[in-house]
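Fold and geometry: a report
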Amino acid sequence: MSHIITTDNGNSYSTPGFWPTTGAVLAGSLVSSVASLPGQMLNDYMLKKLPEISQGCDKQVLRSAINDAFISSGLKEKGVKIIDVNELSKPHKKVCEILKETLQGTDKEVYNIITDELPEANQQLRNALKMELPKVIRNSSIADLVVNVLSSTLERGENAAYLPNAKAIGINIDKIGTAAFHEMGHAINANNSLLLKSIQKLRRPLMLTSGLFAFTALFKRKKVEGEQPVNAFDKATTFIKNNVGKLVFVPFVPIIAEELVATYRGNKMAGRLLPSNMLAKVKKGNRLGALTYISAAVVTALTAFAASKTRDAIAKPKLIS
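Residues numbered from 1 in each chain as written. Predicted model: local features only at pLDDT ≥ 70, side-chain atom pairs only at ≥ 80, totals over all residues. Heavy atoms only, no water.

Concerning the overall build of the protein chain
Scanning the protein chain from terminus to terminus reveals 15 helices and six strands. For the protein chain, whose C-alpha radius of gyration is 25 Å, the value lies well above the compact-globule estimate of 20 Å for 321 residues. Counting only C-alpha atoms, the protein chain reaches 80 × 60 × 35 Å along its principal axes. Relative to its full complement of 321 residues, the protein chain shows a buried share of 42%. Sequence-distant contacts, at least 24 apart, represent 71% of the contacts inside the protein chain between residues at least 6 apart. Each charge class in the protein chain can be summarised by its mean position, and for the 41 positive and 27 negative side chains these summaries are 8 Å apart. (Helix = DSSP H or I, 4+ residues; strand = E, 2+ residues; numbered from the N terminus. Rg over C-alpha atoms; globule rule 2.2 N^0.38 Å. Buried < 20%, exposed > 50% of the residue type's maximum accessible area, 1.4 Å probe, protein only. Contact = heavy atoms within 4.5 Å. Lys, Arg positive; Asp, Glu negative; His and termini not counted. Charge placed at Lys NZ, Arg CZ, Asp CG, Glu CD.)

As for the confidence of the model for the protein chain
Here the protein chain averages 90 in pLDDT, while 91% of its residues score no lower than 70. In the model of the protein chain, helix H4 (residues 108-115) stands out as the element of lowest mean pLDDT, 43, in contrast to helix H13 (residues 244-249), which has the highest, 98. Here residues 106-115 is a poorly scored stretch, pLDDT under 50, and it has seven contacts once near neighbours within four places are set aside; other chains count. (pLDDT = per-residue confidence, 0-100.)

A closer look at the sheet that holds strand S4 (residues 161-163)
Pairing is mixed in the open sheet, where three strands are placed in the order S3-S5-S4. In this open sheet, the two strands that pair with only one neighbour each are strand S3 (81-84) and S4. Put simply, the sheet's adjacent strands are angled 25° from each other on average, direction ignored. Pairing analysis gives three bridges linking S4 to strand S5 (residues 168-171), with the strands arranged antiparallel. Residue pairing in the sheet places Ala161 in a bridge with Gly170 of S5. (Pairing = 2+ DSSP bridges. Axes fitted to C-alpha atoms, helices over the stretch in contact; angles between N-to-C directions.)

So, the packing of helix H2 (residues 59-73) against helix H14 (residues 252-273)
If you want to describe how two helices pack, look at the angle between their axes and the distance between the axes. In the contact formed by H2 and H14, the axes pass within 10 Å of each other and the chain directions differ by 120°. With respect to H14, the axis of H2 lies oblique. The two elements H2 and H14 meet at a crossing, and its hand is right-handed. Between H2 and H14, the residues in contact are Ala65, Asp68, Ala69, Ser72 and Ser73 and Met269, Arg272 and Leu273, respectively. (Parallel < 35°, antiparallel > 145°, perpendicular 65-115°, else oblique. Left-handed = near helix turned anticlockwise from the far one by under 90°.)

Observations concerning the pairing of S5
Both faces of the sheet carry side chains from a regular strand, because those side chains alternate between them. Every second residue of S5 is oriented toward a common face, with Ala168 and Gly170 on one face and Ile169 and Ile171 on the other, all of them buried. With four bridges connecting them, S3 and S5 associate as parallel partners. Looking across to S5, one finds that Asp84 is bridged to Ile171. Taking the residues between adjacent antiparallel strands as the criterion, S4 and S5 are bridged by four residues, where Lys167 takes a positive phi near 50°.

Section: the nonpolar core
Leu62, Ile66, Leu75, Ile171, Phe181, Met184 and Leu274 are the most contacted members of the largest nonpolar core, which totals 31 residues. Of all the secondary structure elements, the ones that give two or more residues to this core are helix H1 (18-55), H2, S5, helix H8 (173-176), helix H9 (180-192), H14 and helix H15 (276-314). Setting aside its immediate chain neighbours within four residues, Leu274 contacts Val61, Leu62, Ala65, Phe181, Leu279 and Val282. Core analysis: the second largest hydrophobic core is formed by 13 residues, Ile83, Leu125, Ala166 and Ala168 among them. (Core = buried A, V, L, I, M, F, W, Y, C linked by side-chain atoms within 4.5 Å.)

Things to note about the environment of Asn191
Tracing the backbone shows Asn191 in helix H9. Judged by its relative accessible area of 22%, Asn191 is partly exposed. C-alpha separation for the pair Asn191 and Gly74, spaced 117 residues apart in sequence, amounts to 9.8 Å. Setting aside anything within four residues of it in sequence, one finds Asn191 in contact with Leu75, Lys78, Val80, Tyr162 and Lys167. Of note is the side chain of Asn191, whose polar atom sits 3.4 Å from the side chain of Tyr162. (Polar contact = N/O pair within 3.5 Å; in protein donor to acceptor, adjacent residues only side chain to side chain.)

Notes on a nonpolar patch on the surface
Among the surface-exposed residues, Leu30, Val34, Leu37 and Met41 lie close enough to one another that they form a single nonpolar patch of about 410 Å² accessible area. Structurally, the position occupied by Met41 is in helix H1. Judged by relative accessible area, which is 59%, Met41 ranks as exposed. (Patch = residues over 30% accessible without salt bridge, like charges linked within 9 Å, V, L, I, M, F, W, Y side chains within 5 Å. Areas by Shrake-Rupley, 256 points an atom, 1.4 Å probe, with all protein chains shown as cover. Salt bridge = Lys/Arg side-chain N within 4 Å of Asp/Glu carboxyl O.)

Quick word on the sheet that holds strand S1 (residues 4-6)
Within the open sheet, the three strands sit side by side as S1-S2-S6. Their pairing is antiparallel. Of all strands in the sheet, those bounded by a partner on one side alone are S1 and strand S6 (318-319). In the sheet, S1 pairs with strand S2 (residues 12-14) via three bridges, with the strands oriented antiparallel. Bridged to Ile5 within S2 is Tyr13.

Some points on helix H7 (residues 143-155)
Residues spaced three or four apart along an α-helix face the same direction, because each turn holds 3.6 residues. Across its 13 residues, H7 extends 18 Å between first and last C-alpha, which sits within 8% of the 18 Å expected from 1.5 Å per residue. Among all positions in H7, only Ala143, Val147, Ser151, Leu154 and Glu155 are buried. Along the long axis of H7, the arc covered by the buried residues comes to 90°, so they all point the same way. Facing away from the buried side of H7, by more than 90 degrees, are the exposed residues Leu145 and Val149. Once H7 finishes, Gly157 follows within two positions and takes phi at roughly 75°, a positive value. (Expected span 1.5 Å × (residues − 1). Arc of directions from axis to C-beta.)

So this is what it looks like as structure tokens:
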């Protein structure tokens, strides 16, 4: 519903109604989605390069270096463990499908025991991942589905992760072993620095805050020249609207900083234990990993700015007098 606003300089404007505003918000959302695609494609490309980099290393030398780095870092004494998973083979999946058909209608408990059986490391990974989920998801019926999706990425060696609640590093060393040093860097951050541990715990809230800024700017109407905020809330949301790009980027800064410290520590460990050619691969992989976070921050800020500007261009107050 539109209404009339009068500015400090005496001009009167009619604000856009519900449908023009709704169309503008939808258009802004569409612009944001389309504009983010190149960044997503770039990040996907960089993440896919990580396993390729690792495959060029001598696996025996790499495993030995990972083990030595883990022991010398003191992480074991702090209760951290490395969960070295393997990709579940197609025969394993096929067996489960056959069992599902064969045991149809038989004792449900027997069926669950057989079909849910996983290699020990893979089961440990699923248990660790479940600990990382927010309570509202962890205690819901979709928890296992979410865990299976997350674990599959790690089992296939498409990524690796330090899981702070479980104090565990989930990784497929055979496929993406070079990432182990960076993840050990995260583990050192979490167990040796209160500040960096706090940043890790705040990662989800920081991302939500960034999203909230973008959401606010998209739905907030831009003030016309001479129009003043009517209350504290209006003043705060106007500030967000006028500075959305910077505000969306800022929550990423501590996240990127913690990632860079983890990389520094990981590279330092690898530098003491790996030959120069393998160390170069570790550093290259870590650079690509860091770039994915920086790229995500820049793209998110730019698309939030673009969405807000699109919304303003389509639905803006009309000068009456």
